[in-house]
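Residue strings, one per chain:
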Amino acid sequence: GSRTFSLANSGCVFRCLNCQNWDISQRKPEETKDPRGPELRLRAGVAAISSGDLERLSLFPEDAAALAASLGCPSIAYTYSEPIAYFEYARDTAQAARAAKLRNILVTCGSFEPESLRDIGRFIDGAHVDLKGFDEDVYRKLNTGRLQPILDTCKTLREMGVWVEVVNLVVPTYTDKLEVIRRMCGWLAAKLGPDCPLHFSRFIPMHKLTYLPPTPADTLLEARRIAQAEGLRYVYVGNIPGTPDVQNTRCPHCGKVVVERSTYAVLARYLEEAGHCAFCQTTVPGVWS
């Protein structure tokens, strides 16, 4: 239920056919923001910055941390494009945010080199890793990437104590094979544990795959059922509004809803500060305070 200050640079390390942020990820920095004109730094707080100035504000790492704090955001999310593509900036900003007592959220495709991952991982509190499939051939064709580095990233982040959540976009004809989804879910339960949240997301025709239909809701619901059967306790489905209970968090002991959600909004929360279920006091894994 808290706000996060989300920022991105241009560029990506993948070339996903289905990218929803292709107008950022597939462009150069100078194509997304005009660098000309005098430097404008955040010095007097948000109140001193007009909306026009905000367009050309210089977001050096310490500026980004100051702006996030001024806007009442307890965390910064590195997202939209790919923080690996602007690695040094993301790492330095995460370090500045940690010094300012803000938390850091990494939204990533996960295609890190191990040394770089451990470098930035020191400052990361939560990671949203896009596991774009569970087949090497599909990864190469759909994303121009490789599967194994992403699996290694998930395991390394967990070993470093980072809260990890996995997102899987179910793309018709590419990543909608239920047997492959079953193997993926079995791997997640075995390697990351049954408490690792998994979010299945509905594909919407976009970028270079506009000829494909949206993912059928039945496919997503069946994927969720398979994930639960493989032992994952917290499985969600996104982009199918109006479908009951697929975004709520339930207590693993008493089964009651402890976080009720609608799209990006938290409608109700029945958790105590430390993450205990308000009904039976069972600890629900997560970052709640």
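We now turn to the structure provided with this report. (Residues numbered from 1 in each chain as written. Predicted model: local features only at pLDDT ≥ 70, side-chain atom pairs only at ≥ 80, totals over all residues. Heavy atoms only, no water.)

Description of the pattern of salt bridges
And step 1. Scanning the model with the defined rule gives 12 salt bridges in all.
And step 2. The closest approach of N and O atoms between Glu-179 and Arg-182, which form a salt bridge, is 3.6 Å. With Glu-179 and Arg-182 both in helix α9 (residues 178-191) and three residues apart, this pair spans about one turn of that helix.
And step 3. On the accessibility criterion, Arg-182 (30% relative accessible area) is partly exposed.
And step 4. Taken together, the shared-partner salt bridges in this structure form one network comprising Arg-91, Asp-92, Asp-119 and Arg-122. (Salt bridge = Lys/Arg side-chain N within 4 Å of Asp/Glu carboxyl O. Helix = DSSP H or I, 4+ residues; strand = E, 2+ residues; numbered from the N terminus. Buried < 20%, exposed > 50% of the residue type's maximum accessible area, 1.4 Å probe, protein only.)

Regarding helix α7 (residues 136-143)
And step 1. Looking only at α7, the buried set comprises Val-138, Tyr-139, Leu-142 and Asn-143. Each buried residue of α7 lies within a common arc of 100° when the element is viewed along its axis, so the set occupies one face. Looking at α7, the residues exposed on the side facing more than 90 degrees away from the buried face are Arg-140 and Lys-141.
And step 2. The inward-facing, buried residues of α7 abut β4 (126-130) and α8 (147-159).
And step 3. Sitting at the head of α7, Asp-135 places a side-chain oxygen 2.9 Å from the backbone nitrogen of Asp-137. (Arc of directions from axis to C-beta. Contact = heavy atoms within 4.5 Å. Polar contact = N/O pair within 3.5 Å; in protein donor to acceptor, adjacent residues only side chain to side chain.)

Points about the sheet that holds strand β10 (residues 265-269)
And step 1. Taken in spatial order, the three strands of this open sheet run β8-β9-β10, and their pairing is antiparallel. Where the open sheet ends on each side, the last strands, each with one partner, are β8 (249-250) and β10. (Pairing = 2+ DSSP bridges.)

Focus: the sheet that holds strand β5 (residues 163-170)
Strand pairing in a sheet is mediated by backbone hydrogen bonds. Such pairs are either parallel or antiparallel.
And step 1. The sheet built from seven strands is open, its strands ordered β1-β2-β3-β4-β5-β6-β7 with parallel pairing. Where the open sheet ends on each side, the last strands, each with one partner, are β1 (4-7) and β7 (235-238). With direction set aside, neighbouring strand axes in the sheet form an average angle of 20°.
And step 2. Two strands pair when backbone bridges link them, and β4 and β5 are joined in this way by five bridges, in the parallel orientation. For His-128, the partnering residue across the bridge sits in β5 and is Glu-165.
And step 3. Relative to the sheet, helix α5 (residues 87-99) contacts β1, β2 (75-78) and β3 (103-108), its axis offset from that of β2 by approximately 170°. (Axes fitted to C-alpha atoms, helices over the stretch in contact; angles between N-to-C directions.)

Focus: the state of the cysteines
And step 1. One pass over the full model with this rule turns up zero disulfides.
And step 2. Cysteine Cys-185 is unpaired, with the sulfur of Cys-196 as its nearest cysteine sulfur at 10 Å.
And step 3. The exposure class assigned to Cys-185 is buried, which follows from its relative accessible area of 0%.
And step 4. In this model Cys-277 remains outside any disulfide bridge; the closest cysteine sulfur is found in Cys-254, 3.8 Å from its own. (Disulfide = S-S within 2.5 Å.)

Here we look at the packing of aromatic side chains
And step 1. Tallying each qualifying case throughout the model produces four aromatic pairs.
And step 2. For the ring pair Phe-14 and Tyr-139, a centre distance of 6.4 Å and an interplane angle of 75° mean the geometry is edge-to-face. You can see Phe-14 sitting in the loop between β1 and α1 (22-25) and its partner Tyr-139 sitting in helix α7, a full 125 residues away along the chain. Pair check on accessibility: Phe-14 and Tyr-139 agree, each one buried.
And step 3. Ring centres of Tyr-86 and Tyr-89 lie 6.3 Å apart, and the angle between their planes is 50°; this geometry places the pair in the tilted category. (Phe/Tyr/Trp six-rings, centres within 6.5 Å; stacked < 30°, edge-to-face > 60°.)

Some thoughts on the nonpolar core
And step 1. Core analysis: the largest hydrophobic core is formed by 61 residues, its most contacted members being Tyr-78, Leu-131, Val-166, Leu-188, Leu-198 and Phe-200.
And step 2. The element contributing the most residues to this core is α9, with six residues.
And step 3. In this structure, Leu-198 is in contact with Val-166, Asn-168, Met-184, Cys-185, Leu-188, Ala-227, Leu-232, Tyr-234, Val-235 and Tyr-236, ignoring residues within four places of it in sequence.
And step 4. With nine residues, the next largest nonpolar core counts Cys-251, Val-259, Leu-271 and Trp-288 among its residues. (Core = buried A, V, L, I, M, F, W, Y, C linked by side-chain atoms within 4.5 Å.)

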